[in-house]
Amino acid sequence: MSNAPVFSINGLKATIEGKEILKGLSLEMKGGEIHAIMGPNGTGKSTLASTLMGHPKYEVTEGTVTLDGADVLEMSVDERALAGLFLAMQYPSEITGVTNADFLRSAINARRGEGNEISLIKFIRQMEGKMKELEMNTEFAHRYLNEGFSGGEKKRNEILQMMLLDPRIVILDEIDSGLDIDALRIVANGVNAMRSPDRGFLIITHYQRLLNYITPDYVHVMMQGRIVKSGGPELAERLENEGYDWVKEELGIVDETVGQGV
Amino acid sequence: MSTQTVLPVDRGAVAELSRTKQEPEWMAELRIKGLELAEALELPKLEKTRIDRWNLDSYGSYRTAAEVTHVGDLPQEAQSLFGESFANSLIIQRESGVVYSKASDEATAQGVIFMDLEQALQKHPELVQKYFMQAVEQGENRITALHSAVWNGGVFLYVPKNVQVEQPFQALFITENGAVTAPHVLIVAEANSSVTYVENVIAGNGTEQQVVNGITEVFAKSGAKVQVASIHNLPVAVTDFSYRRAVVDNDASVEFTIGEMNSGNAVSDTTALLKGNGSHSDTKVICVGTGEQKLNLTTRAVHFGKASTSEMITRAVMRDEATAIINGVTKIEKGATGANGEQTEKVLMLSPKARGDANPILLIDEDDVKAGHAASVGQVNPEQVYYLMSRGISKETAQKLIIYGFLAPVVSEIPISKLEDQLQELVERKLGQ
């Protein structure tokens, strides 16, 4: 039996501190698909990621988000994660005193539920196996969560979490920013290894270069808090070569951002 | 107009105690002098804490408990500190006297003296006299003076020159049945020796209003290394005073790891006097404030020696309506060139009615030094909670992880893993109330 997820966003509007950033965004994705959202700075891409995950600073004012028909917006942040949503964050938090390993085990056990906790040995074997794939030093397991990690190390740590938590819908928020070419290749390999009919990806990126390593099925351009143009991988290539001006011209957009100061 | 302080302890009882224990003359005189000083002296002046309103008088009376031979003889609370049998080197004090005292054969063979202080006063009077109340002055304030008058039981730990002892020496102080509880811990580590001492202070049966007044003095001679860990877990009705003070000679180092897990009012003052060149001290304190308790926690490093270094960390989690005044004092005396003192005080507030003040105080009389401080008072960071929740961890667990993480850098420093687990459990218990 297929377990492919269906994730739909419909007319989503969201505000931060009373200011509207998402202005009616719609997108539907299914298991096995990779969607890329591209767009200049300040068009609401990261807001979309945070809103989908349920960041407390963002308020949804209109629209729906469902995963297999279930109302995501009604769920708390942890419930969204347990339903299968995963967001690799652009700026992951640093948490003193909580080791990476303890954190990962808590996250895995939250999924498995009480009485069904993963054995320590199995956990360590899994974690170290995935760390090896990501060319991470296993010493990172015993360091405090993200504390003192370089930008690239944090991103790898996000991918490590993704691999261990086995989510159904993965959102990667600018996972490529701050990565050198080797790290980019490693992160992309990690994502490619996770491609499956049971999992959908939403890749938010500023640059096309990540898409050289992860080939998307669909490419969407975001401006003014909504998706203004969609296409296949060839759209990403054209954006890389020609920039965004032609899209603006085609659609008669003067200012692509959601407003001043964003 | 002079006012007469009415002491909570009777002169006759103190003299009688000294007589029945057949203490040397000097100790009998010291005790009486302590009482006289207590009458004349003020209470310690503490930053933003009015201790004159606290219960300061319930010292109780002298009582002797039966000897203890098995773990099963102890109150339930105390049993959990041990496995099936006692640690190799252990002193247990119940009521007003020591009920169990044993030094490991290995330590004894190395020439280490580990016995209760009352016994040491009989067997090694000169050694005790040389150090007793020399780090903490008898006449410092009314509390220290009273301690010197009424002290009982206690620990004497003497490590000869060049002797390194791996296994920790352990002590357990149980206040119960309204018995005077004023243990004095005296640690002397001769040149180039190294030693670890770990203690627990708890309450046993029938604890009502009670004052616990303890002093720990540490003398680390040249090149010696001394580690002291102390966990206090006393109930609401107990007022706890702990003065801990180390005198640190050339190239010696002293580490304090302190868990203030009391539920009642407490004053804790942990000071390193860095007398020697190249001397070092490292002090870590955690506390969890609950209920309406008031805490005044001071860490202090006084630099006299050249290139002396100190590190101090205090972390407090405050719940309910608890108040903690947290002072970090780095004092660098003239002549202590090249000294370096770092201190951090952090308070995590879990309730709008709780209060936590972090007061970093730097007093520097020398130019060629380094000193740093960081202090913060804040709540659980909502971004961190969001991050953990985004991995499926519930809000409650996320907050717990963050709070325990806040305390972890100190908890993980406890030198005995069984006690580390116990401290963790105490933290969980106090936070889970």
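Coordinates for the structure precede this section.
Note that the coordinates shown come from a computational prediction; the quantities given were computed from them, not determined experimentally.

## Digging into the pairing of strand β5 (residues 169-175) of chain B
All names here are of chain B.
Moving on, step 1. Across the 7 residues that make up β5, a large majority, 7, are buried.
Moving on, step 2. Burial along β5 is two-sided: the residues F169, A171, F173 and T175 and Q170, L172 and I174 are all buried.
Moving on, step 3. Bridge count between strand β1 (residues 90-94) and β5: 5 bridges; the pairing is parallel. Paired with L90 across the two strands is Q170, which belongs to β5.
Moving on, step 4. Inspection of the sheet shows β5 paired to strand β7 (residues 194-203) by 7 bridges, in the parallel sense. Of the residues in β7, the one forming a bridge with Q170 is V198.

## Side note on the interface of chain A and chain B
Moving on, step 1. Facing the 20 residues of chain A at the interface are 21 residues of chain B.
Moving on, step 2. Contributing elements (two or more residues each) for the side of chain A that touches chain B: α2 (77-83), β7 (95-99), α3 (100-112) and α5 (151-165) of chain A.
Moving on, step 3. Taken together, the residues that form the side of chain A that touches chain B break down as 12 nonpolar, 6 polar and 2 charged.

## Digging into the sheet that holds strand β3 (residues 113-115) of chain B
Residues and elements named next belong to chain B.
Moving on, step 1. Sheet architecture is open: 9 strands sit in the order β3-β4-β6-β8-β10-β12-β14-β16-β18, paired in mixed fashion. The strands lining the two open edges of the sheet, one partner per strand, are β3 and β18 (355-364). Strand-to-strand twist of the sheet, defined as the mean angle between neighbouring strand axes without regard to direction, takes the value 5 degrees.
Moving on, step 2. By the bridge criterion, 10 bridges tie strand β14 (residues 294-303) to strand β16 (residues 323-332) in an arrangement that is parallel. For T299, the partnering residue across the bridge sits in β16 and is G328.
Moving on, step 3. Packed onto the sheet, helix α7 (residues 142-150) meets β8 (210-220) and β10 (238-248) and runs at close to 85 degrees relative to β8.

## Description of the nonpolar core
Moving on, step 1. Among the nonpolar cores identified, the biggest contains 197 residues, and I171 of chain A together with L157, I187, A220 and A324 of chain B are the most heavily contacted of them.
Moving on, step 2. When residues of this core are assigned to domains, at least three map to each of domain 1 (11-275) and domain 2 (380-433) of chain B.
Moving on, step 3. Filtering out sequence-adjacent residues up to four positions away, I187 of chain B remains in contact with L157, Y197, V218, F219 and V226 of chain B.

## Section: the packing of helix α2 (residues 25-40) of chain B against α7 of chain B
Residues and elements named next belong to chain B.
Moving on, step 1. Orientation of α2 relative to α7, taken along the N-to-C sense of each, is 155 degrees, at an axis distance of 7 Å. One way to sum up the angle between α2 and α7 is to call them roughly antiparallel. For the pair α2 and α7, the crossing hand works out as left-handed. Where α2 abuts α7, its residues L30, R31, G34, L35, L37 and A38 lie against R142, A145, L146, S148 and A149.
Moving on, step 2. For the contact of α2 with α7, the class distribution of residues is 7 nonpolar, 2 polar and 2 charged.

Conventions used here
- Residues numbered from 1 in each chain as written.
- Chains lettered and ligands numbered in written order.
- Predicted model: local features only at pLDDT ≥ 70, side-chain atom pairs only at ≥ 80, totals over all residues.
- Buried ≥ 20, exposed ≤ 12 C-beta atoms within 10 Å, placed from the backbone.
- Helix = DSSP H or I, 4+ residues; strand = E, 2+ residues; numbered from the N terminus.
- Pairing = 2+ DSSP bridges.
- Contact = placed C-beta atoms within 7 Å.
- Nonpolar A, V, L, I, M, F, W, Y, C, P; charged D, E, K, R; others polar.
- Axes fitted to C-alpha atoms, helices over the stretch in contact; angles between N-to-C directions.
- Core = buried A, V, L, I, M, F, W, Y, C linked by C-beta atoms within 7 Å.
- Domains from an automatic or database assignment.
- Parallel < 35°, antiparallel > 145°, perpendicular 65-115°, else oblique.
- Left-handed = near helix turned anticlockwise from the far one by under 90°.

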